[in-house]
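Topology and contacts: notes
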Amino acid sequence: MTADNEMEIKEAFQRAQKGHNNKAKLVASLKNRYNKLEDKSQFHEEFVHHLKFAMIVYKREPCVENVIEFVARFATSFQSAPKPEEEEDEEEEEEDDDDHPFLSFIFNFLLESHKANSHAVRFRVCQLINKLLGSMAENAQIDDDLFDRIHQAMLIRVTDKFPNVRIQAALAMTRLQQPKDPDCPTINAYMLIIDNDSNAEVRRAVLSCIAMSPYTLPKVLKRTRDIKENVRKLAFQVLSEKVHIKALTIAQRVSLLQQGLHDTSGAVREVVCSRLLPAWLLRLDGNVIELLHRLDVENCTQTALDTLRAIFNEMTPEELLKSKLPFNDTTLIPEDSLSCENVLYWRALCEFIKSKGDAGEEMLEQVLPDAATYAHYLTRYLKAVPVLSEEQRADFNQLEHVMTKEFISQQLIHLIGCLDTNEEGSRKQVLAVLQEMLSLPHTPFSLVSLLTERLLTLIPDDQRRIQCVAEIISDLREPIMEVGHVVNENLSRRQQVQLAEVKVQIMEAKQALEDCISAQEFSRAAELKDSITELENRRNLIHQEIAESSQPADKESRAEKNDPETLLRCLTMCAELLKQMSIKSRIGPTISALMSSLILPSIANAHPAVRNMAVVCLGTSALHSMELAKTHMVLLLQIAQLDEVRICISALRAIIDLLLMFGFQLLSDTAALQSTAASRSPDRQDDDAPSGDKVELQEDSAQSTLVMLSEFLDSEIADFRTEAAEGIAKLLYTGRISSAKMFSRLVLLWYNPVTEDDTRLRHCLGVFFQLYARESRTNQELIEESFLPTVRTLLNAPVTSPLAEVDVNNVVELLVELTRHSTQIKPSSNTEEVCVHDYLAARICGEMLKDPTAPEVRLYAKTLCNLELTRDETVKKDLQTLLQELLQVVKDRVCLRTLEKMVFQLVDSKEQAELLSASALQPLNINADGETPESPTKSVKRGKRANTGQKKAGAAKGGRKTSRRAESSEESDGENVPESVHTSVRPSRRAKTAALEKTKLDLNPLINQEVS
């Protein structure tokens, strides 16, 4: 053996395989030997000769990884040490030949080998280049020609067939990026890969090494919505480490928090809470209020609240109480110090402490005053909110100021829920404040719904709630008006003159009466007496008129107000009341009076907002009474088809809610719609019958309603289409309707490219399909019934239709996955029971027999191989009979091979020999590699991604195996990529060692065999 300071190349490679050897010593010893040699070429050849043994191994064996690490260290050990910046300027001319011959030789060898046929060699080449470049000093330099050659080679390898090769090539280009150059080929390649590579580990590798710039930031942000959890998690990690909060727009910050805090994966949510938010706070000196300033709290209040809750969860109780809110002596923020950010922080803090229950009572007292004090504080602030005239609303600054005041008022009203209102006196004070604010006509309309909600929350009894709201509506609708009488001076003067004349006439008549009595003219005296009585009555009447006209006291009167603003306030309170009422509460006299005097007249109001709120009230009130629902169902149906879009949507929601509550018997009992009794469901029509048979559909009220809902699915208005789809999905899921045609329409709508941007629709239907299929066997049978109509629609779609762009394979995969027996929540334990896939197989075979030469026969044959069939002998025999018939009539060779494979899966081993001799083609050798066409069962998983509007089902893929070729192309590792959190039982050290010894590869026999 040679001395330690001089070592043979073979011995160095043998020692390098052992993980416990000190590689630094091995590098130093081999380097000493290299430096003493005059002719380096022989050393180069021998070194590469031994390196090749490691490069042909694709599997990540420990000994091979050790050798690769050793080679990288040895090659970069010849690089000159980094020089200070002062010396670099002086020695620029001398650095032309700075690259060491051995390092250049290794790079040349690797670059010549990167196009090798073996994927193992390509993988090791890219891995070595990655390690060589990564082991160089931070300010290392290489020759421009070498840089270009490495660059070109890695750009080729990032498009390699094997994911592991692409990963190493992407990592190798990390130091070749030029972030300031918008046309940098490396960054352009990275952006192409990160968007289009089908392998998640490749996308993760690019995420981990891509440089941040204005060009790459949108691509990284897009990966936060990646389909794979690990990619999303790494994207948030990269953003927290490499991107300053100021580099993001407000919309981007809000979007990140919305997606991250509501991600379906707990690991992603954990990264957002433990990495992203702390990183942002660190750059803002830990100021949470400043973080809220960086968000749009007025328009994205819920996101800001979720963010604050995530921050509070990471704080201790002491840190929570050390809030930076400017409290005064009464634990209130002074009114002039209130801002959108600090009031939202105050609300979130109080709600978070309140959620802790009894443990947070003492803490809550330190951040919130008693109910009485807060009630007075709230009253003062709400009354100070200015009311703008139409002219003032044209001034944007004034409008913005009022909107800010209203937002702060909303948060202060929300804080009522955190007050301690168990004491009767405190609760009464808060109720009085809420009633007063609702009764005031100048209270901003944006606060009415929230004030009503808080008011009803404090009143537990429904009857008291109804009475309280009815009184407030009465005060608003018919306020008490004080009418004062103005004294008319002319009228008063005339009355005084008349009074004086009457008094003179009375005095003259009395004098004449005395003269007549003294003259004993008694008849004349009687006439005078009657005239005096009339004059006195007239005098009293004039006195009364004068008293009434000069009365200073005012009178009170009520006048009904029907202006749109007042009606909208009253209807909003009424709608909130109906929502808060228990569904078991019946419609009483008070609600009936509101219906007749307020809600129904408002349906015909000219103002759209008033009509819309009236429709909401009508639909909500009808949920409490089936008789009311029957009476007004026709009206709601008419509104849904004739009014403005917003009002139509409200009416449609009301119709769906009523159908969910009472079922379709509600329609059959409605005299206005009923022409014949409801006898059949929409899916019982013959599949080949025309879909637009309007005459039959209109005979049944339930049928005509479903036709109307189905027509809404074709609406050009996205919101209308979404509401209709969501309503039909609810009706299907609750069992109110059972229609294969309706389900088929929803599937086609989900895949339709027109709905690509309708996130809510796609999310709703995506969740519905999985829940509906897993719920029961009956639902899966309905999906199976919709299979062929759905496929036929797609296959027969004209070229001009958006459905022509949909990949039928993806739709078939979805329907097959949804009908799997294993996906049910409670699958039957009886393995002999006939499952839905058995019926689907028979249905598909029948469709193939109709036209064996049709192009879609190959699709159907491929689908047959993906079905989970039962072991029932009767089913097997029936399917065998159908398959044998197909084998006789189908001419396509690929279909024949697929069908024969299906037959062999069904029959026993004894019968296979007979079938072999009788079949038109010999069966596939499924164990053969390379030239043999892949099994459709195995190739289904590797289908290309769908075009626009296409997606794959998220259901479980059963227990199907992938082919060897698919296995090799899909396998990848995450070297140098941050690993995802994975909880598993950790084996003991001894078990690890034993397992490693069993699988360990040793290169020494290969090297010795070559030498011998």
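Below is a summary of the structure that appears in this document.

Reading the values: the criteria
Residues numbered from 1 in each chain as written. Predicted model: local features only at pLDDT ≥ 70, side-chain atom pairs only at ≥ 80, totals over all residues. Heavy atoms only, no water. Core = buried A, V, L, I, M, F, W, Y, C linked by side-chain atoms within 4.5 Å. Buried < 20%, exposed > 50% of the residue type's maximum accessible area, 1.4 Å probe, protein only. Helix = DSSP H or I, 4+ residues; strand = E, 2+ residues; numbered from the N terminus. Salt bridge = Lys/Arg side-chain N within 4 Å of Asp/Glu carboxyl O. Phe/Tyr/Trp six-rings, centres within 6.5 Å; stacked < 30°, edge-to-face > 60°. Axes fitted to C-alpha atoms, helices over the stretch in contact; angles between N-to-C directions. Parallel < 35°, antiparallel > 145°, perpendicular 65-115°, else oblique. Left-handed = near helix turned anticlockwise from the far one by under 90°. Contact = heavy atoms within 4.5 Å. Nonpolar A, V, L, I, M, F, W, Y, C, P; charged D, E, K, R; others polar. Patch = residues over 30% accessible without salt bridge, like charges linked within 9 Å, V, L, I, M, F, W, Y side chains within 5 Å. Areas by Shrake-Rupley, 256 points an atom, 1.4 Å probe, with all protein chains shown as cover. Lys, Arg positive; Asp, Glu negative; His and termini not counted. Charge placed at Lys NZ, Arg CZ, Asp CG, Glu CD. Expected span 1.5 Å × (residues − 1). Polar contact = N/O pair within 3.5 Å; in protein donor to acceptor, adjacent residues only side chain to side chain.

Okay, the nonpolar core next. The biggest cluster of nonpolar side chains holds 275 residues, and the ones touching the most others in it are Phe47, Trp346, Tyr374, Leu412, Phe743, Leu746 and Leu864. The dominant element in this core, judged by the number of residues it contributes, is helix 33 (residues 645-662), at 11 residues.

With that out of the way, let us pick up the pattern of salt bridges. Here the structure, examined in full by the defined rule, presents 40 salt bridges. Between Glu11 and Arg15 there is a salt bridge whose closest N-O contact spans 3.0 Å. Remark: Arg15 and Glu11 occur in helix 1 (residues 9-16); sequence separation between them is four residues, near one turn of the helix. With a relative accessible area of 13%, Glu11 lands in the buried category. For Arg760, the salt bridge is made with Glu726, and the minimal N-O distance between the two is 2.5 Å.

The next thing to look at is the packing of aromatic side chains. Going through the model one piece at a time under the given rule, you end up with 24 aromatic pairs. With a centroid separation of 5.1 Å and an interplanar angle of 65°, the aromatic rings of Phe13 and Phe47 are classed as edge-to-face. Residue Phe13 is located in helix 1, and its partner Phe47 is located in helix 3 (residues 41-55); the two are separated by 34 residues in the primary sequence. Comparing Phe13 with Phe47 shows no difference in burial state: the two are buried.

This paragraph deals with the packing of helix 40 (residues 777-795) against helix 42 (residues 836-850). A pair of packed helices is captured by two measures, namely the crossing angle of their axes and the spacing between those axes. Where helix 40 meets helix 42, the closest approach of the two axes is 10 Å, and the angle between their N-to-C directions is 20°. Classified by the angle their axes make, helix 40 and helix 42 are roughly parallel. The hand of the helix 40/helix 42 crossing is right-handed. Between helix 40 and helix 42, the contacting residues are Arg777, Gln780, Glu781, Glu784, Glu785, Phe787, Leu788 and Arg792 on the first element and Val836, Tyr839, Leu840, Arg843, Ile844, Glu847 and Lys850 on the second. Its residues assigned to classes, the contact of helix 40 with helix 42 shows six nonpolar, one polar and eight charged.

Right, let's talk about a negative patch on the surface for a bit. The grouping of Asp358, Glu361, Glu362, Glu365, Asp370, Asp420 and Glu423 at the surface amounts to a negative patch. Tracing the sequence through the fold places Asp358 in the loop between helix 19 (340-354) and helix 20 (361-365). Using a relative accessible area of 66% as the deciding quantity, one classes Asp358 as exposed.

Our focus in this paragraph is helix 23 (residues 396-414). Relative to the 27 Å expected for 19 residues at 1.5 Å per residue, helix 23 spans 27 Å between its end C-alpha atoms, a close match to the ideal helical length. Residues Val402, Glu406, Phe407, Ile408, Ser409, Gln411, Leu412, Ile413 and His414 constitute the buried set of helix 23. Two or three places before Asn397, at the start of helix 23, stands the capping residue Asp395, its side-chain oxygen 3.2 Å from that residue's backbone nitrogen.

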